[in-house]
Amino acid sequence: MKRYIASLIVVVSCCTILSCAKNHQETTAQPEEETAVTESTVYYIKDITPENLVKIYNALGREAKGDKIGIKISTGESDKSNHLDTTLIGPLVRSIGGTFIESNTAYEGNRRHAHQHAQTAKAHGYSDLAGVDILDAEGTVELPVKGGKHLTKDIVGKNYTDYDFTVVLSHFKGHQMGGFGGALKNISIGIASAEGKTYIHTAGKTDDPAIIWQNVAEQNDFLESMADAAKAITDHAGENILYINVANRLSVDCDCNGNPEAPEMADLGIFASLDPVALDRACVDAVLNSEDPGKEALIERIKSRNGEHILTAAEELGIGTQKYKLVELK
């Protein structure tokens, strides 16, 4: 595929809604060689269009390639959920030529079992755009967690190991348990099987979905367990993975909620990086520094769940860094 990068503008000042918290972005006074080591690049484009989604993918400079390319999305719980629209992601999906990958939920609903999940994906238009693979439809495998705080393994659908490359295409929004959902949630809870989701939510106490809600972990333990599971995925994928967050329809609730609260703040744009920690940090910073008064509901959701703790936990595991350079595409 022809690669290109649109004219780039490096954002180095704290202005507009995309101002970076001073502890998260290196200043221009830092030596150039130190900056290259200690910060990651996050690309940003304001207008959320199909063409710009392709543009920001190309800017990453890492081509999704291999015999099997998985595109990790959330198929959404109901037609009221704010999952990504197929008209928006269609050109990117077709250009990559991948398969949508998803895993079953650990709660009863429209995606608890593979046949239900496949029906939901079709109802939301995904199976008309590309193939859909419910990764744990035929069983699970375990991926090791190296250095995890709570987990020694991540339980994922066995089909995941068939894929050569993963495109993590996430809808950035709030989340009723995690505070916010972005790239880190999409590769941890999102790729985990129903048993794996249970294992994460209970910080390794059980993998039985039938007793998940009787064994839910303390909040920070849960967030740290999500980071543990994300580490397993990034170690498994190596350089064969990239991350795109679409920050639109910014409800305080996740796409796993079949009846979410309506968004109170305006869309922010599209963000992308090869570093999921920097990417999610940039999206959270964009919310925190927005001039939109509607941001308060989402900020309250993030803060009340201590949502930013997953960023610290993931950084401590070596998944990525919270220091980043924001590059705006025009």
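Residues numbered from 1 in each chain as written. Predicted model: local features only at pLDDT ≥ 70, side-chain atom pairs only at ≥ 80, totals over all residues. Heavy atoms only, no water.

## Some points on the environment of Ala-282
On the secondary structure map, Ala-282 appears in helix α9 (residues 276-288). Accessibility expressed as a relative area gives 3% for Ala-282, which makes it buried. For Ala-282 and Tyr-324, which are 42 residues apart along the polypeptide, the C-alpha to C-alpha distance reads 7.6 Å. If sequence neighbours within four positions are ignored, Ala-282 has contacts with Val-42, Phe-271 and Tyr-324. (Helix = DSSP H or I, 4+ residues; strand = E, 2+ residues; numbered from the N terminus. Buried < 20%, exposed > 50% of the residue type's maximum accessible area, 1.4 Å probe, protein only. Contact = heavy atoms within 4.5 Å.)

## Details of unusual backbone geometry
Although it is not a glycine, Ala-203 sits at a positive phi angle of roughly 55 degrees. The phi dihedral of Arg-249 falls on the positive side, at around 45 degrees, and the residue is not glycine. Here Arg-249 shows up in the loop between β11 (241-247) and β12 (269-273).

## Comments concerning the packing of aromatic side chains
Scanning the model with the defined rule gives three aromatic pairs in all. Ring centres of Phe-100 and Tyr-126 lie 5.3 Å apart, and the angle between their planes is 80 degrees; this geometry places the pair in the edge-to-face category. Pair noted here: Phe-100 is in strand β4 (residues 99-102) and Tyr-126 is in helix α5 (residues 126-129), with a separation of 26 residues, a long-range link. Of the residues examined, Phe-100 reaches a relative accessible area of 1% and is grouped as buried. The aromatic ring of Tyr-163 is capped on one face by Lys-68, whose charged end is 4.5 Å from the ring centroid. Its guanidinium or amino end placed over the ring of Tyr-199, Lys-153 lies 5.3 Å from that ring's centre, counting from NZ or CZ. (Phe/Tyr/Trp six-rings, centres within 6.5 Å; stacked < 30°, edge-to-face > 60°. Lys NZ or Arg CZ within 6 Å of the ring centre and 35° of its normal.)

## Details of helix α7 (residues 194-201)
Summarising burial for α7: seven of the eight residues are buried, a large majority. Every buried residue of α7 is accounted for by Ala-194, Gly-196, Lys-197, Thr-198, Tyr-199, Ile-200 and His-201. Lining the buried residues of α7 we find β7 (153-157) and α8 (219-237). After α7 finishes, the residue Ala-203 shows a positive phi value of roughly 55 degrees.

## Things to note about the state of the cysteines
Overall, the coordinates contain zero disulfides when judged by the stated rule. Between Cys-256, a free cysteine, and Cys-254, which holds the nearest cysteine sulfur, the sulfur-to-sulfur gap is 3.3 Å. (Disulfide = S-S within 2.5 Å.)

## Quick notes on the pairing of β11
Two faces, one strand: in a regular strand the side chains alternate between the faces of the sheet. Judged by how many residues are buried, β11 sits mostly within the fold: seven of seven residues are covered. Here β11 shows a buried face lined by Ile-241, Tyr-243, Asn-245 and Ala-247 and a second buried face lined by Leu-242, Ile-244 and Val-246. Bridge count for strand β8 (residues 165-171) against β11 is six bridges, and the pairing is parallel. From the neighbouring strand, Leu-169 faces β11, where its bridge partner is Ile-244. In the sheet, β11 pairs with β12 via five bridges, with the strands oriented antiparallel. When the sheet's bridge partners are listed, Asn-245 is paired in β12 with Phe-271. (Pairing = 2+ DSSP bridges.)

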